[in-house]
Amino acid sequence: MPNALVAAAAEGLPSINRRQVLHSLAASSAAAAALVAAIPAARAAEHPDADLFWLDQEMVEAEAQMNRANKACCRVGRKADKLYPPQPAAWKERRMPDDLHEMTGGMLVRDLAFPEKQPAPLRDFHRAREEQRAAHRALQEAFVIKVAEINREAGVDAAEAAYSARSAEFYQVGDRILAMPANTLAGIIVKLRAADKIDAKSEALISIAADIRRLAGEAA
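Residues numbered from 1 in each chain as written. Predicted model: local features only at pLDDT ≥ 70, side-chain atom pairs only at ≥ 80, totals over all residues. Heavy atoms only, no water.

Participant: If you had to explain unusual backbone geometry to someone new, which residues and values would you point to?
Facilitator: In the Ramachandran plot, D199 falls in the positive-phi region, its phi being about 55° despite a non-glycine side chain. Locating D199 in the fold gives a position in the loop between α8 (185–198) and α9 (201–219). Under the relative-accessibility criterion, D199 is labelled exposed at 53%. (Helix = DSSP H or I, 4+ residues; strand = E, 2+ residues; numbered from the N terminus. Buried < 20%, exposed > 50% of the residue type's maximum accessible area, 1.4 Å probe, protein only.)

Take a look at the structure:
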């Protein structure tokens, strides 16, 4: 998909880049999984970090939904790619002939900005070059409009919107985890895993430091 070309026309689309998000997801810690799994299911609701464990499972589901939405984006994106028209060639400025360069050199500097004071051949050259630039701009704009139409009809816009919503939910769960106090090592590890997934290590450090200070005070 020619994202680089249509970026200027994509304002208002979801700002989240699904590929960047997926690349940033870290693998779940085996040690953390073992700690959480060691807690009997019957006692889960009684555990001091029961709410964090529930959010941990909620984040797993949110991540799965986000990944499914990403696959849908890729699927409709490949479909749309095949329907795009050829991209217009890049604009190349028309070179001024040597005789016109000489003509320009013979003019007063203050007169260069006034077409009416330029010799007719020079005016004609500048007018033709501006017409060519305008024609090329029209081709580019038509291409962008066609791509947007194809994206809309192929379902790209809807898929991107769905992915953006699922991604927002995923990050919101991660934020809720980091905002919740942890009372045990298992709860702290839930926070570490969430921080890895949403790339919020600084926020996790602040949150966990607060947990440690609180627990140290309780133990004193």
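Participant: Outline the packing of helix α4 (residues 50–81) against helix α6 (residues 120–154), supporting the account with residue identities and numerical values.
Facilitator: α6 packs onto α4 with a crossing angle of 135° between their chain directions and a minimal axis gap of 9 Å. Taken together, α4 and α6 sit at an angle that is classed as oblique. Helix-helix and strand crossings are classified by hand; for α4 and α6 the assignment is right-handed. Contacts between α4 and α6 pair V76, K79 and A80 from the former with I150, N151 and A154 from the latter. Taken together, the residues of the contact of α4 with α6 sort by class into 4 nonpolar, 1 polar and 1 charged. (Axes fitted to C-alpha atoms, helices over the stretch in contact; angles between N-to-C directions. Parallel < 35°, antiparallel > 145°, perpendicular 65-115°, else oblique. Left-handed = near helix turned anticlockwise from the far one by under 90°. Contact = heavy atoms within 4.5 Å. Nonpolar A, V, L, I, M, F, W, Y, C, P; charged D, E, K, R; others polar.)

Participant: With reference to specific residues and values, describe helix α7 (residues 156–179).
Facilitator: Compared with the 34 Å implied by 1.5 Å per residue over 24 residues, the 34 Å span of α7 between its first and last C-alpha is a close match. Residues of α7 that are buried include every one of V156, A159, E160, Y163, S164, S167, F170, V173, G174, I177 and L178, and no others. (Expected span 1.5 Å × (residues − 1).)

Participant: Hey, could you go over α6 for me, with residue numbers and the actual values?
Facilitator: Given a rise of 1.5 Å per residue, 35 residues ought to cover 51 Å, and the 51 Å separating the end C-alpha atoms of α6 matches this to within 8%. Within α6, the full set of buried residues consists of L122, F125, R129, R133, H136, Q140, F143, V144, V147, I150, N151 and A154. One or two positions beyond α6, positive phi appears at G155, with a value near 95°.

Participant: Please give an account of the environment of K197 that cites residues and values.
Facilitator: Position of K197 among the secondary structure elements: in helix α8. In the structure, K197 is positioned 138 residues away from M59 in sequence and 9.6 Å away in space, judged by C-alpha atoms.

Participant: Tell me about the packing of aromatic side chains, residues and numbers included.
Facilitator: Summed over the entire model, instances satisfying the criterion amount to 1 aromatic pair. Relative to Y171, the ring of F170 lies with its centre 5.6 Å away and its plane at 85°, an arrangement referred to as edge-to-face. Judged by relative accessible area, which is 0%, F170 ranks as buried. A relative accessible area of 24% places Y171 in the partly exposed class. (Phe/Tyr/Trp six-rings, centres within 6.5 Å; stacked < 30°, edge-to-face > 60°.)

Participant: If you had to explain the side chain of D211 to someone new, which residues and values would you point to?
Facilitator: One can find D211 in helix α9. Polar contacts involving the side chain of D211 include one to the main-chain amide nitrogen of A182, which spans 3.2 Å. (Polar contact = N/O pair within 3.5 Å; in protein donor to acceptor, adjacent residues only side chain to side chain.)

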